[in-house]
Amino acid sequence: MYADIIVDITHEKLDKIFQYRIPSRLEGELAVGMEVLVPFGRGNRETKGYVIGLSDTCGYDEAKVKEVQDISRKGVAIEGKLVALAAWMKEQYGGTMIQALKTVLPIKQKENAKVKKRIRLLLSEEEGRQKLEHYLEKNQKARARLMAALLDDNILEYELVMKKLNITLSVVRALEEQGVLVLESRQVYRNPVKGEKEESCITFTEEQKAAISAFWEDYSRGKRGTYLVYGVTGSGKTEVYIEMIRRVAAQGKQAIVLIPEIALTYQTVMRFYRNFGDRVSIMNSRLSAGERYDQMMRAKEGKIDVMIGPRSALFTPFPNLGLIVIDEEHEPTYKSEQVPRYHARETAQARGDMEGASLVLGSATPSMEAMYRVRRGEYVLLEMKNRSRMQDMAKVYTVDLREELKEGNHSILSRKLQELIADRLEKKEQTMLFLNRRGYAGFISCRECGHVIKCPHCDVSLSYHRGGKMVCHYCGYEEPKKQHCPECGSRHIGEFKAGTQQVEDIVKRQFPNARVLRMDMDTTRQKDGHEKILSAFADGEADILVGTQMIVKGHDFPNVTLAGVLAADMSLYADDYRAGERTFQLLTQAVGRAGRGSKKGEAVIQTYSPDHYGIVTAAAQDYEAFYEEEIHYRELMGYPPAENLLAVLISCEDEALLEKGAGYLKEYALRVSRGRSIEIIGPASPGIGKVKDVYRKVLYLKAERYDTLIRIKNYLEQYIEINTGFRKMRIQFDFNPMNVF
């Protein structure tokens, strides 16, 4: 027997399959997905590798084929299904097979098992009493104490015996040799979820029932599809997911629930825990290595039914996966920033197809890609247009900051927002203030007329760089920074600068009696930082919560009746073709935090561009109107999802070599794309042209068909591999990037 093995030598860019002979002692034990130790190279140095296939025929000269040394006993076997998924990811997103395998490997190595010991009596009660009398006669006090305790309770925890009864291990071993008792060890899995299951009876709305029925009708007939649950904020999407999972789990299947950020874990997990008890667990980067290892083993052994976590939880090694749910599917955090730059949505669909699982996507503001596929008939749409308790949506006020400035208000808080905050404090109700910092380092705008300086060629904003120049990160166009607004001539032109700490200080000065909490990267660095802040706010320990986008996603606080968006334009004019979509999503999610309980909600959107369709439709909470406007823009400009985009990011310490290499890549891309409808843009300098003395360039390729770009990517990978000049460069591929580089 022979094993096809990928050798783990990432730094040598080795991405070949090698064949090794399987020794007789390992036959029957070796399986696809296992980590093994093999001799490699001329020196036969011991190297790790992964088994990706088994065969009874040799494809090489048998005399030259080496033998597998051993199975890596510290390694964790991965399922053959995940190996197949890694191969799919390599093809779809670029990079090496090793990089793809390391992405799908949930845990790299075993952690020390947590073991619990107990002592069990082997004698009958009568035999035990005779032994007790014997120990007392012999004045063997320690043995008598242990025997008396075992007669009261036939099974005792080892720690209790050691500490409370003051018994040593030698005493236990002596009685074990006599056949009186047995010392048992069992592995105890660490469980990071703490809570209690509660019997609950959910009363579903008609819209929720319709969504569940449509899904279950298909599932019961063996149809595994992709569904988009499009429900307004507060429509009860989580209850729908829970019922879908309950039905799938009753069939002996498991489910994965992806959430966009760790910040959402606490509330989401508690809702699932109340329904599934300890059959639910979490996987995220805040867990210890031991906790992560234990959750993976619990999943493999079928001890849990539901795994919840951010993007990496997608690779939970469930043996019988039946359903994958991606909540807030529009969030950019579902796109990996490491090679392979996979998107969880497409990768989940591929895993579902391979393992016979359905995929359910959910959002109040679906991504353009998801709704585009609904319109093309690729996804099934499940709509919920009303809130679960039929509450009214928040009343939204749009404040024109240009008018505020003209009327003498230089504060970041508009007069309308100040008035409503004061009202909420008087009523003992809560307020959430959202500072839209996405796209922060960026655009130049006029505070008097709201004009934003854009690239004349790409319809994205120019970004300000040190040295007094403004640059387009798509085509490389640049011009000097303007000192006066080209639209109205005002000198009030520049970058908008504000941080959450500044906002917190302003709010405290304006409302000295208000209790204010701040939630951002600085205040959530410690483990459980998110949970502590959210719990305190949920328990009414603060009147106002100030934060970045992490506070507007999925949280449900019944006493929040006011949401304020302080700077809508900070994402609206980011140098990114997705800027309008991101802004609409953030604003809709933000205003959706208000009025989720029994009290009516209000929201204030502060902007310099009150007439922009992204602001107008978000204020009206009208997704359909936004989609129609945005898709027209995407079709006109040839951006995803209307067309597909491949970004090739090239970096090198030698600037001259980088310029030459980027030029060669463009020439080769032009050559291999002849006869295909492809547009090539660049190479241009990305947002940050140099990081730690490493220079960067980016090349963009546009095509209508995704597979056309994959073919070009494959040609480029081959070209890069055979040309030694590229060995000093780092080259990455990113399909339909979520952010401009």
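Report follows, based on the coordinates.

What counts and how
Residues numbered from 1 in each chain as written. Predicted model: local features only at pLDDT ≥ 70, side-chain atom pairs only at ≥ 80, totals over all residues. Heavy atoms only, no water. Helix = DSSP H or I, 4+ residues; strand = E, 2+ residues; numbered from the N terminus. Contact = heavy atoms within 4.5 Å. Salt bridge = Lys/Arg side-chain N within 4 Å of Asp/Glu carboxyl O. Expected span 1.5 Å × (residues − 1). Buried < 20%, exposed > 50% of the residue type's maximum accessible area, 1.4 Å probe, protein only. Pairing = 2+ DSSP bridges. Core = buried A, V, L, I, M, F, W, Y, C linked by side-chain atoms within 4.5 Å. Axes fitted to C-alpha atoms, helices over the stretch in contact; angles between N-to-C directions. Patch = residues over 30% accessible without salt bridge, like charges linked within 9 Å, V, L, I, M, F, W, Y side chains within 5 Å. Areas by Shrake-Rupley, 256 points an atom, 1.4 Å probe, with all protein chains shown as cover. Lys, Arg positive; Asp, Glu negative; His and termini not counted. Charge placed at Lys NZ, Arg CZ, Asp CG, Glu CD. Parallel < 35°, antiparallel > 145°, perpendicular 65-115°, else oblique. Nonpolar A, V, L, I, M, F, W, Y, C, P; charged D, E, K, R; others polar. Phe/Tyr/Trp six-rings, centres within 6.5 Å; stacked < 30°, edge-to-face > 60°. Lys NZ or Arg CZ within 6 Å of the ring centre and 35° of its normal.

1. Topic: the environment of valine 171
Within the secondary structure layout, valine 171 lies in helix α6 (residues 169-177). Separated by 31 residues in sequence, valine 171 and glutamine 140 have C-alpha atoms that sit 10.0 Å apart. For valine 171, the residues in contact, after removing those within four places along its chain, are Ala142, Arg143 and Leu146.

2. Things to note about the pattern of salt bridges
This model, assessed by the stated rule, comprises 42 salt bridges. Between aspartate 423 and arginine 424 there is a salt bridge, with the nearest N and O atoms lying 2.8 Å from each other. Here aspartate 423 and lysine 427 are joined by a salt bridge, their closest N and O atoms 3.2 Å apart. Taken together, the positions of aspartate 423 and lysine 427, both in helix α14 (residues 415-427) and four residues apart, correspond to about one turn of that helix. Three or more residues are tied together by salt bridges with common partners; here these are Glu369, Arg578, Glu581, Glu630 and Arg634.

3. Observations regarding α14
End to end, α14 covers 19 Å across 13 residues, agreeing with the expected 18 Å (1.5 Å per residue, within 8%). Here α14 has its buried residues at Leu417, Gln418, Leu420, Ile421 and Arg424. The inward-facing, buried residues of α14 abut β16 (395-400), β17 (430-434), α15 (500-510), β24 (544-547), β25 (560-565) and β26 (602-607). One or two residues past the end of α14 sits lysine 428, with phi positive at roughly 65°.

4. Notes on the pairing of β24
For a regular strand, the rule is simple: side chains alternate between the two faces of the sheet. Covered by surrounding structure in β24 are Ile544 and Val546 together with Leu545 and Gly547, the residues of both alternating faces. Here β17 pairs with β24 via four bridges, running parallel. Residue pairing in the sheet places phenylalanine 434 in a bridge with glycine 547 of β24. The pairing of strand β23 (residues 516-519) with β24 spans four bridges and is classified as parallel. Looking at the pairing, methionine 519 lines up with glycine 547 of β24.

5. Side note on the nonpolar core
A general trend in soluble globular proteins is that nonpolar side chains are found buried together. Ile605, Val648, Leu665, Leu701 and Ile731 are the most contacted members of the largest nonpolar core, which has 107 residues in total. Setting aside its immediate chain neighbours within four residues, isoleucine 731 contacts Val648, Leu649, Ile650, Leu665, Ile720 and Phe726. Of all hydrophobic cores here, the second largest spans 32 residues; its members include Trp216, Tyr227, Met244 and Val269.

6. Some remarks on the sheet that holds strand β10 (residues 254-258)
Across the sheet, which stays open at both edges, the seven strands sit in the order β11-β12-β10-β13-β14-β9-β15 with parallel pairing between neighbours. The outermost strands of the open sheet, each flanked by one partner alone, are β11 (280-282) and β15 (380-384). Strand-to-strand twist in this sheet, taken as the mean axis angle between neighbours without regard to direction, amounts to 20°. For strand β9 (residues 226-231) and β15, the ladder comprises five bridges, and the chain directions are parallel. Across the sheet, tyrosine 227 pairs through a bridge with valine 380, a residue of β15. Taken strand by strand, helix α12 (residues 368-375) contacts β9, β14 (358-363) and β15, and its axis lies near 115° from that of β9.

7. Details of the sheet that holds strand β19 (residues 463-465)
Strands sit in the order β19-β20-β21 across an open sheet of three strands; the sheet is antiparallel. Each edge of the open sheet carries a strand with a single partner, namely β19 and β21 (478-480). Taking the axes of each pair of neighbouring strands and ignoring which way they run, one obtains an average angle of 30° across the sheet. In the sheet, β19 pairs with strand β20 (residues 469-471) via three bridges, with the strands oriented antiparallel. Opposite tyrosine 464, over in β20, you have methionine 470 as the bridge partner.

8. Here's the deal with a negative patch on the surface
A contiguous patch of negative charge on the surface is contributed by Glu653, Asp654, Glu655 and Asp693. Within the secondary structure layout, aspartate 693 lies in the loop between β29 (690-691) and β30 (694-703). Relative accessible area serves as the criterion here: at 55%, aspartate 693 is assigned to the exposed category.

9. Re the packing of helix α18 (residues 579-591) against helix α20 (residues 623-637)
Running from amino to carboxyl end, α18 crosses α20 at an angle of 170°, the nearest separation of the two axes being 10 Å. With respect to their mutual orientation, α18 and α20 come out roughly antiparallel. Here α18 contributes Gly580, Glu581 and Phe584 to the contact with α20, which in turn contributes Tyr623, Phe626, Glu630 and Arg634. Split into classes, the residues belonging to the contact of α18 with α20 amount to three nonpolar, one polar and three charged.

10. Points about the packing of aromatic side chains
Overall, the coordinates contain 18 aromatic pairs when judged by the stated rule. Arranged with centres 5.1 Å apart and planes meeting at 85°, the rings of phenylalanine 537 and phenylalanine 557 form a pair that is edge-to-face. You can see phenylalanine 537 sitting in helix α16 (residues 529-538) and its partner phenylalanine 557 sitting in the loop between β24 and β25, a full 20 residues away along the chain. Taking relative accessible area as the criterion, phenylalanine 557 reaches 3% and is therefore assigned buried. Pairing tyrosine 668 with tyrosine 719 gives two aromatic rings, centres 4.1 Å apart and planes at 5°, and the pair type is stacked. Taken together, the positions of tyrosine 668 in helix α21 (residues 655-672) and tyrosine 719 in helix α22 (residues 706-722) put the pair 51 residues apart, joining distant regions of the chain. Of the two residues examined, tyrosine 668 and tyrosine 719, each falls in the buried class. Taking NZ or CZ as reference, lysine 702 lies 4.1 Å from the ring centre of tyrosine 639, over its face.

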